[in-house]
Amino acid sequence: MNETAAGFRLLPGAPDSPVLLHVPHASRAVPGDVRRDIVLDGPSLHRELDHITDAWTDEIAAGAAADAAVRPWRFVNRLSRLVVDPERFPDEREEMLAVGMGAVYTRTTHGEALRPADFDGRDLVARYFAPYARALQEAVDARLAATGRAVVVDVHSYPTARLPYELHGEGPRPPVCLGTDAFHTPPELVAAAREAFAEFGGTALDSPFAGTYVPLKHYGKDPRVTALMIEIRRDVYMSEPGGAPGPGLGALAGALARLVDTVGAPGAPG
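As annotated in an unreviewed UniProt entry, the chain carries the name N-formylglutamate amidohydrolase and is attributed to Streptomyces zhihengii.

Looking only at helices and strands, one finds seven helices and seven strands in the chain. Along the chain, from the amino end to the carboxyl end, the secondary structure elements read α-β-β-α-α-α-β-α-β-β-α-β-β-α. Its C-alpha radius of gyration of 18 Å places the chain within 12% of the 18 Å reference for a compact globule of 270 residues. Reported as C-alpha extents along the three principal axes, the dimensions of the chain are approximately 50 × 40 × 30 Å.

A few words on the environment of Ser80. Following the sequence through the fold, Ser80 ends up in the loop between β3 (73–77) and α5 (122–147). The exposure class assigned to Ser80 is buried, which follows from its relative accessible area of 1%. Linking Ser80 and His25, residues 55 residues apart in sequence, is a C-alpha distance of 6.4 Å. Setting aside chain neighbours within four positions, we find Ser80 in contact with Ser27, Arg28, Ala29, Val30 and Leu49.

What follows deals with the packing of aromatic side chains. Under the defined criterion, the tally for this structure stands at five aromatic pairs. Judged by centre distance (5.3 Å) and plane angle (20°), the rings of Phe8 and Phe75 are stacked. With Phe8 in strand β1 (residues 8–11) and Phe75 in strand β3, the pair connects residues that are 67 residues apart, well separated along the chain. There is no split in this pair, since Phe8 and Phe75 are both buried. The interplanar angle of 80° and the centroid separation of 5.0 Å between the aromatic rings of Phe75 and Tyr132 together place this pair among those described as edge-to-face.

Criteria and cut-off values
Residues numbered from 1 in each chain as written. Predicted model: local features only at pLDDT ≥ 70, side-chain atom pairs only at ≥ 80, totals over all residues. Heavy atoms only, no water. Helix = DSSP H or I, 4+ residues; strand = E, 2+ residues; numbered from the N terminus. Rg over C-alpha atoms; globule rule 2.2 N^0.38 Å. Buried < 20%, exposed > 50% of the residue type's maximum accessible area, 1.4 Å probe, protein only. Contact = heavy atoms within 4.5 Å. Phe/Tyr/Trp six-rings, centres within 6.5 Å; stacked < 30°, edge-to-face > 60°.

Here it is in structure tokens:
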């Protein structure tokens, strides 16, 4: 399956860049055949997309790629996470199944029905989730082959106010949340991110969202793959929910470019 049909796109960076910006949740696109199984009416689906989409994060990543001294690679999901969520486990390991939001969502951000209760998501996993995971793994493998390491930076956003689906939303909601992994996120990578995003009013670790994305082939096994999740509170750069971007978008792109340049340099942290 080619990348367009699968709903993702790998945008090339510099051959010597180890950095891969991963943008999984920026799109609102839902193919017609997938839309038919979603029980929400048109206005309700529009509102759900406002809440669940990490709007403009693809533009933040694009701006960072343009500003960086050494252009990073970008892996961008071109479909909404309402099709499949590529950052979930596709099986019982996924804790978000408790609120109907595993790899294939059956509930909305507010706990309402999104798909029928007996919906079988295996076809969507086969058509969209599996090719995406395989292609992203191959993109990481290519950075390892080219540079000897890979730095995966997830680019996300999150709402200012906690939504009902959040399992761990009771903690701080800083302007920038840094999601980490005990194996794949070295302290130097966290320090570089804190410095890059210092101007936005503060960062916190793993609150309200924790963890980061690493392909399962490498997860917990290959220290050459480092990873960090950047979760930007939406009021920093846009009108909520689902509104227009503001001047913060360009500033965030610049900060992300600084992080890319720091961690992408030869011998750099991460």
